[in-house]
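Overview (structure and organization)
Residue strings, one per chain:
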Amino acid sequence: MRNDKAGMSRGLKLSGLLLALVAMGIVIVGVSSRASHQDKLKAWTEKQAVATVRVDLPEHGAAAGSLVLPGRFEAYARAPIYARVNGYLKSWKVDIGGSVKSGQLLAEIETPDLDQELLQARADLASAQANVALAETTAKRWQDMLKTQSIARQEVDEKVGDYQSKQAIVKAAEANVNRLLALKSFAHILAPFDGSVTARNTDTGALINAGSSSATVLPLFEVSNTRKLRLYINVPQNYVGQIKPGGKAKFTVPEAPGAEFEATIQSTSGAINASSGTTLVQLLVDNASGRFLPGGFANVNLLFNDAVERLSIPASALIFDQNGLKVATVGKDHKVTLKTITIARDLGKTLEVQSGLTGTDLVIENPPDGVSDGDQVNIASSAASAK
């Protein structure tokens, strides 16, 4: 009996020890599991605190030897023609679109007032000529009488002076007649050069006023030489040094989609416009076929000798600070490096970079606020990231 009781007592002790060991194991496993979970939570939290950014490689933009700018056509020669005399339009000979030769009659003006002035001037000239003839005869007679000493020299000098004065009056009258005849010649409106009539702002019977001083006075006609056209563009200052007379350019026009035409650089204004930072460049276009119209729009592609290709980045990647323009790039260690860049051309949504970047730089498309050198970032999965 004693042996049975002793055996039972040892069994109970063993069971209690096993239960204690099991309980202790459960506690240890629970504490270890909780610690592991906290470590994972801490690591996840720290990871989430690091900014996640989207990166991309710079794209290859247009070559530096190419620059596309808007331009406007103008006639090679253009002459607004105003009246030089008052009157009424008697008739016009050429309508808009008509071809004309230099000196061809465009219109005639009736000048009743001028005609009367010319008649009066001619009558004044005839009177002056009659007076000078009489003064000449009188002067000669008095000079003859002076030889006989029958009159005083003073009287002879007065008659000679009167003759010379009347000669001057004749010359003035002749000049007035010639002036009015010159004005009368402007009653015939002539084409100043070969070209075409691009505007007609008058009609038969219209009242004609001389001059063009009033802002409301329109030219009677406008004649333009459109066999050649001038094409004007405004080139940014950083490209001015590459503009050379004789250089070539390509251009397109909206009315001929897909077609490309050639122009030649003729000259530049030689100055930078302070308000726009550009210089005016004039190109010459052959328009013998009449395909292009003055005042029309064109897209001009300037071709430069420098064919170095520029890199293009999204405008959202740009960072402004007190040290200039920068972009944020990410290295293999996922750390940020700020790089100072120079912008060659602003195209709105994208920017062409002159310097400061390489084609292998991973550029942050939308850098977070306050990003600085050495910051750790996470890279969002994308095709660019894989590159």
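It should be noted that the structure appears before, not after, this text.
Throughout what follows, the structure given in this document is the object of discussion.

Reading the values: rules and limits
- Residues numbered from 1 in each chain as written.
- Predicted model: local features only at pLDDT ≥ 70, side-chain atom pairs only at ≥ 80, totals over all residues.
- Heavy atoms only, no water.
- Helix = DSSP H or I, 4+ residues; strand = E, 2+ residues; numbered from the N terminus.
- Expected span 1.5 Å × (residues − 1).
- Buried < 20%, exposed > 50% of the residue type's maximum accessible area, 1.4 Å probe, protein only.
- Contact = heavy atoms within 4.5 Å.
- Salt bridge = Lys/Arg side-chain N within 4 Å of Asp/Glu carboxyl O.
- Polar contact = N/O pair within 3.5 Å; in protein donor to acceptor, adjacent residues only side chain to side chain.
- Axes fitted to C-alpha atoms, helices over the stretch in contact; angles between N-to-C directions.
- Parallel < 35°, antiparallel > 145°, perpendicular 65-115°, else oblique.
- Left-handed = near helix turned anticlockwise from the far one by under 90°.
- Nonpolar A, V, L, I, M, F, W, Y, C, P; charged D, E, K, R; others polar.
- Phe/Tyr/Trp six-rings, centres within 6.5 Å; stacked < 30°, edge-to-face > 60°.
- Lys NZ or Arg CZ within 6 Å of the ring centre and 35° of its normal.

Quick word on the environment of Asn176
Positionally, Asn176 belongs in helix α3 (residues 153-185). In this structure, the C-alpha to C-alpha distance between Asn176 and Arg122, residues 54 residues apart in sequence, is 8.7 Å.

A closer look at helix α2 (residues 112-147)
Between its terminal C-alpha atoms α2 stretches 53 Å, which fits the 52 Å expected from 36 residues at 1.5 Å a residue. Along α2, the positions that sit buried rather than exposed are Leu114, Leu118, Ala121, Leu125, Ala128, Val132, Ala135, Ala139 and Leu146. On its buried face, α2 sits against α3. Following α2 by one or two positions, Gln149 has its phi on the positive side, about 60 degrees.

Concerning the pattern of salt bridges
This model, assessed by the stated rule, comprises nine salt bridges. Across the pair Lys93 and Glu108 runs a salt bridge whose closest N-O atoms are separated by 3.8 Å. One end of the pair, Lys93, is in the loop between β5 (87-92) and β6 (99-100); the other, Glu108, is in strand β7 (residues 105-110), with 15 residues separating them in the sequence. Given a relative accessible area of 18%, Glu108 falls into the buried group. The salt bridge involving Glu136 is made with Lys140; its shortest N-O contact spans 3.6 Å. Within this pair, Glu136 and its partner Lys140 are both found in helix α2, separated by four residues, close to a single helical turn. The partly exposed category is assigned to Glu136, whose relative accessible area is 30%. Here the salt bridges do not stand alone but share partners, grouping Lys248, Lys250 and Glu262 into one network.

Observations concerning the side chain of Ser91
Structurally, the position occupied by Ser91 is in strand β5. A polar side-chain atom of Ser91 sits 3.2 Å from a polar atom in the side chain of Lys93. Not counting residues up to four positions away in its chain, the partners in contact with Ser91 are Ala107, Glu108 and Thr204.

A short note on the packing of α2 against α3
To characterise two packed helices, one gives the angle between the axes of the helices and the distance between these axes. Running from amino to carboxyl end, α2 crosses α3 at an angle of 160 degrees, the nearest separation of the two axes being 8 Å. When the axis of α2 is compared with that of α3, the two are roughly antiparallel. Here α2 runs over α3; the crossing is left-handed. Partitioned by chemical class, the residues of the contact of α2 with α3 number 20 nonpolar, six polar and twelve charged.

Structural notes on unusual backbone geometry
Phi angles above zero are rare outside glycine, and His334 is one such case at about 65 degrees. Judged by relative accessible area, which is 29%, His334 ranks as partly exposed.

Structural notes on the packing of aromatic side chains
Applying the stated criterion to the full structure yields five aromatic pairs. Pairing Phe251 with Phe261 gives two aromatic rings, centres 5.6 Å apart and planes at 35 degrees, and the pair type is tilted. Taken as a pair, Phe251 in strand β12 (residues 248-252) and Phe261 in strand β13 (residues 261-268) lie far apart in primary sequence, ten residues in all. Relative accessible area serves as the criterion here: at 1%, Phe251 is assigned to the buried category. Phe261 gets classed as buried once you look at its relative accessible area, which sits at 16%. Measuring from ring centre to ring centre gives 5.0 Å for Phe261 and Phe292, while their planes differ by 80 degrees; the resulting arrangement is edge-to-face. In this pair, Phe261 is assigned in strand β13 and Phe292 in the loop between β14 (278-286) and β15 (297-303), connecting sequence segments 31 residues apart. One exposure class covers both Phe261 and Phe292, and it is buried. Taken together, the ring pairs in this structure connect Phe73, Phe251, Phe261 and Phe292 into an aromatic cluster. A cation over an aromatic ring shows up here: Lys159 above the ring of Trp142, its NZ or CZ 5.1 Å from the ring centre. Across the ring face of Tyr76, the terminal group of Arg230 is positioned such that the distance to the ring centre comes to 4.1 Å.

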